[in-house]
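Residue strings, one per chain:
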Amino acid sequence: CELMKQFKTKRDVFEYIKEKYKDAETILIKGSTIQGEIKEFSDIDVEFYQDKPTKPGYELGLIEDKLILVSSYPYKSGKMIGKVPENVLVLKGAYCEQINNQENYSKEERIVRDNQMFLDFLFKYLRTKDKKYLDKLDRYGGLE
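Residues numbered from 1 in each chain as written. Predicted model: local features only at pLDDT ≥ 70, side-chain atom pairs only at ≥ 80, totals over all residues. Heavy atoms only, no water.

J.: Explanation requested: the pairing of strand β3 (residues 42-49) in the structure shown.
T.: Looking along a regular strand, one sees the side chains alternate between the two faces of the sheet. Most of β3 sits inside the fold, with eight of its eight residues counted as buried. Of the two faces of β3, the one carrying S42, I44, V46 and F48 and the one carrying D43, D45, E47 and Y49 are both buried. Taken together, the five bridges between strand β2 (residues 26-30) and β3 define a ladder with antiparallel strand orientation. Bridging across to β3, I27 finds its partner in F48. (Buried < 20%, exposed > 50% of the residue type's maximum accessible area, 1.4 Å probe, protein only. Helix = DSSP H or I, 4+ residues; strand = E, 2+ residues; numbered from the N terminus. Pairing = 2+ DSSP bridges.)

Right, dumping it as structure tokens:
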């Protein structure tokens, strides 16, 4: 697929994220993906910190032949926190408190955000087969 980003390794994805958010003062990766192997339907959660309000984003990609979801969440930087948890990788800047960057969504932006949440929970369900994620799929997918 020409539109979907293709990567050879997880490290390549991290380098892509650093370049994409190079203007942010801090870039973090959170979750089990930083230490574990990439599986089919892995998700990579990115937090980037900047003062300029922006919306979350998401992209589908491939590492080798495994479909991944990269979800990006913007925040403003709060006070610095000294100890970085084991499930956090700091790509740029310093670990700090999160301050919401964007609180209000237009109708169109809410649809995009709900789609992002739907994909995130779909990947979680496909990866784990845990039925607790099905309620979230109903909520964000409008599948009533």
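Once you've had a look at it, read on.
J.: Mind showing me how you'd approach the confidence of the model for the protein here?
T.: Low pLDDT means the predicted atomic positions in that stretch should not be read closely. Mean pLDDT over the protein: 88, with 94% of residues reaching 70 or higher. Summarising per-element confidence for the protein, the mean pLDDT is lowest in strand β7 (residues 96-100) (83) and highest in helix α1 (residues 10-20) (96). (pLDDT = per-residue confidence, 0-100.)

J.: Whenever I open this one, the packing of aromatic side chains confuses me. Can you help?
T.: Describing an aromatic ring pair means giving the distance of the ring centres and the angle of the ring planes. Applying the stated criterion across every chain, the model contains six aromatic pairs. A centroid spacing of 6.0 Å and a plane angle of 10 degrees characterise the contact between F121 and Y140, whose relative ring orientation is stacked. Here Y140 lies in helix α3 (residues 132-141) and F121 lies in helix α2 (residues 107-128), a separation of 19 residues in the sequence. For the pair F121 and Y140, one class covers both residues: buried. One aromatic cluster is present, formed by F121, Y133 and Y140 through successive ring pairs. Across the ring face of F121, the terminal group of K124 is positioned such that the distance to the ring centre comes to 5.7 Å. (Phe/Tyr/Trp six-rings, centres within 6.5 Å; stacked < 30°, edge-to-face > 60°. Lys NZ or Arg CZ within 6 Å of the ring centre and 35° of its normal.)

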